[in-house]
Amino acid sequence: MKLDIFEQEQKYYKEYDTFCYQNSVRQVLEYMKVENAFSYINASLTLVLEFDENGDFTIHFDEDAYGVLPLASKLVYRENDYRDIHVIWEENKKMINSGVPIIVTTDSYYVPYLPFFQKSHGRHCFIVAGYNEANNNPIVIDWIEPWCYKGETDLKAFNESRQSENQSDGGVFSGLEIDNNWSYIKEDGWDKLDAKAAVRELLEISYTQYSREDTEYKKHGISALKTIVDLVEDIRKYEVEDRKKKMRYLYSQLYWTIKRKCFFSFYIKQSIENQLLSTEYLVLAEKYQELYDKWEKFINFLLKHSFLGKDQSIDKIKEKLNELIEEEIELFSSIEKILK
């Protein structure tokens, strides 16, 4: 049993790197021939710095910043499923038999075709587009570079990947919850949505998420970035080896979260190309791309200095962070002006 989506030519955009769930949703929407499918993908600006009761922190996105934008959220079914894995797979197969592909969340440690197989843990999403009726193995589409895989995968490993605790092993996506999460896209209702309204909503929630009021344990947007500067200074009180570990941990947290700026920039460019935004927004898109390029250079700088752990390293990291924050503030104010 194999759905037509398996046979269609797959597109991949490098700006979707690390956004495997959004990439899968976009592919399904395009398969369903939803006009301006990209416009309903949530590529909003978001950054959350969260502390636990022990003072340890993680950097992540707002909870509703994954998948599709709020105006399309009722057209996507997604849940954590704690039933028996065999019961879930049988239900998934019924969905596929009805012509609906599903999107699953897995631990890459158990996915045989990935380079991380039995090497490192990490949360990862892809499309299930069918199954082998002889052996029950899922047929998947995992169109992310560098592997871009379409084909069969082992059912036993597939089930293990969905049930995994995704233990933290230092990998960027290890330690994140999987909870046998799966989803599907509803067919009806997309023709009633307005792509231009979606683009406007993306700008609005980007502003809301970056300016959200802080709590004792959560910092957002610019406030989160300023708090990171304080965390870097806090590293100074530790011995050199502990400094190195803390710098590398900060690197692992920033590595994927900064990519949101590139993702946002690409969304704006696509909106202009598809005449959902005027060309005057191109400056905003280009500036966010330039900002992302600077952040990428910064995290490479951070990684390099994580092998040193010196006082001078801390000073340089803080200096570069403060420069980036100034640019963040300036660009964020331009979004505020657009909305007003």
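Residues numbered from 1 in each chain as written. Predicted model: local features only at pLDDT ≥ 70, side-chain atom pairs only at ≥ 80, totals over all residues. Heavy atoms only, no water.

Novice: Tell me about the packing of aromatic side chains, and name the residues and values.
Specialist: Two measures describe an aromatic ring pair: the distance that separates the ring centres and the angle between the ring planes. Inspection of the entire model under this criterion finds 28 aromatic pairs. Taking 6.2 Å as the distance between ring centres and 25 degrees as the angle between the ring planes, the aromatic pair formed by Phe19 and Phe61 counts as stacked. One end of the pair, Phe19, is in the segment before helix H1 (20–31); the other, Phe61, is in the loop between strand E2 (57–60) and strand E3 (76–80), with 42 residues separating them in the sequence. Each of the two residues, Phe19 as well as Phe61, counts as buried. Each ring, one from Phe57 and one from Tyr249, has its centre 5.3 Å from the other, and the planes form 70 degrees; the classification is edge-to-face. In this pair, Phe57 sits in strand E2 while Tyr249 sits in helix H6 (residues 240–257), placing the two residues 192 residues apart along the sequence. Residue classification places Phe57 among the buried positions, given a relative accessible area of 14%. Ring pairing ties together the aromatic residues Tyr13, Tyr16, Phe19, Phe61, Tyr66, Phe173, Trp256, Phe263 and Phe266, which thus form one cluster. (Phe/Tyr/Trp six-rings, centres within 6.5 Å; stacked < 30°, edge-to-face > 60°. Helix = DSSP H or I, 4+ residues; strand = E, 2+ residues; numbered from the N terminus. Buried < 20%, exposed > 50% of the residue type's maximum accessible area, 1.4 Å probe, protein only.)

Novice: Pulling in residues and values, what's your account of the nonpolar core?
Specialist: Trp190 and Ile268 are the most contacted members of the largest nonpolar core, which has 108 residues in total. For this core, the leading source of residues is helix H8 (residues 282–305), giving 10 residues. Trp190 has contacts with Leu29, Met32, Val34, Tyr40, Val68, Ala72, Leu75, Val76 and Ile185, leaving out every residue within four places of it along the chain. (Core = buried A, V, L, I, M, F, W, Y, C linked by side-chain atoms within 4.5 Å. Contact = heavy atoms within 4.5 Å.)

Novice: Could you give an account of the state of the cysteines, naming the residues involved and the relevant values?
Specialist: This structure, assessed with the given rule, holds zero disulfides. In this model Cys262 remains outside any disulfide bridge; the closest cysteine sulfur is found in Cys20, 16 Å from its own. Since its relative accessible area comes to 10%, Cys262 is described here as buried. (Disulfide = S-S within 2.5 Å.)

Novice: Run through a positive patch on the surface, naming residues and quoting values.
Specialist: A surface patch of positive charge is lined by Lys304, Lys310, Lys316 and Lys320. Its place among the elements puts Lys316 in helix H9 (residues 311–339). For Lys316, a relative accessible area of 42% translates into the label partly exposed. (Patch = residues over 30% accessible without salt bridge, like charges linked within 9 Å, V, L, I, M, F, W, Y side chains within 5 Å. Areas by Shrake-Rupley, 256 points an atom, 1.4 Å probe, with all protein chains shown as cover. Salt bridge = Lys/Arg side-chain N within 4 Å of Asp/Glu carboxyl O. Lys, Arg positive; Asp, Glu negative; His and termini not counted. Charge placed at Lys NZ, Arg CZ, Asp CG, Glu CD.)

Novice: Please give an account of the environment of Arg78 that cites residues and values.
Specialist: Note that Arg78 resides in strand E3. Between the alpha carbons of Arg78 and Ile102 there is a distance of 9.8 Å; along the sequence they are 24 residues apart. Not counting chain neighbours up to four residues away, the residues in contact with Arg78 comprise Tyr21, Tyr66, Thr105, Cys125, Asn181, Trp182 and Ser183. At a separation of 2.8 Å, a polar atom in the side chain of Arg78 contacts the side chain of Asn181. (Polar contact = N/O pair within 3.5 Å; in protein donor to acceptor, adjacent residues only side chain to side chain.)

Novice: Go over the pattern of salt bridges with me, naming the residues and quoting the values.
Specialist: Considering all chains together, one arrives at 18 salt bridges under this definition. Between Arg236 and Asp315 there is a salt bridge, with its nearest N and O atoms 2.7 Å apart. Linking Arg236 in the loop between helix H5 (221–234) and H6 with Asp315 in helix H9, this pair joins segments that are 79 residues apart in sequence. Overall, the relative accessible area of 22% leaves Arg236 in the partly exposed class. Because the salt bridges share partners, they merge into one network encompassing Glu233, Arg236, Arg243, Asp311, Asp315 and Lys318.

Novice: Any details on empty space enclosed by the protein? Residues and values, ideally.
Specialist: Following the criterion strictly, the structure yields one cavity of 30 Å³ or more and no others. A volume near 30 Å³ is recorded for the largest cavity. Lining the largest cavity, in full, are Leu47, Leu225, Leu254, Thr257, Ile258, Lys261 and Trp295. (1 Å grid on protein atoms, 1.4 Å probe; cavity = no way out; pocket = protein on both sides within 12 Å on 5 of 7 lines; lining within 4 Å. Points joined across faces, edges and corners; volume = space filled by probe spheres on them.)

Novice: Describe in detail the packing of helix H2 (residues 85–97) against helix H3 (residues 155–163), supporting the description with residues and values.
Specialist: With their axes 11 Å apart at the nearest point, H2 and H3 run at an angle of 110 degrees to one another. As the angle between them shows, H2 and H3 are arranged roughly perpendicular. Seen from H2, the contacting residues are Ile85, His86, Ile88, Trp89 and Asn92; seen from H3, they are Leu155, Phe158, Asn159, Arg162 and Gln163. The residue makeup of the contact of H2 with H3, split by class, is five nonpolar, four polar and one charged. (Axes fitted to C-alpha atoms, helices over the stretch in contact; angles between N-to-C directions. Parallel < 35°, antiparallel > 145°, perpendicular 65-115°, else oblique. Nonpolar A, V, L, I, M, F, W, Y, C, P; charged D, E, K, R; others polar.)

Novice: So, the side chain of Ser39: which residues are in play, and what are the values?
Specialist: Inspection of the secondary structure puts Ser39 in the loop between H1 and strand E1 (48–51). On the basis of relative accessible area, Ser39 is assigned to the buried category, the value being 0%. A polar contact is formed between the side chain of Ser39 and the backbone oxygen of Asn36, at a distance of 2.7 Å. Among residues more than four places away in sequence, those in contact with Ser39 are Leu69, Ala195, Ala198, Val199, Tyr267 and Leu276.

Novice: Break down the pairing of strand E4 (residues 102–107) for me, with residues and values.
Specialist: When a strand is regular, its side chains alternate between the sheet's two faces. E4 sits mainly inside the fold: six of its six residues count as buried. Burial along E4 is two-sided: Ile102, Val104 and Thr106 facing one way and Ile103, Thr105 and Asp107 facing the other are all buried. Note: E4 against strand E5 (residues 123–131), six bridges, orientation antiparallel. Across the sheet, Asp107 pairs through a bridge with Arg123, a residue of E5. (Pairing = 2+ DSSP bridges.)

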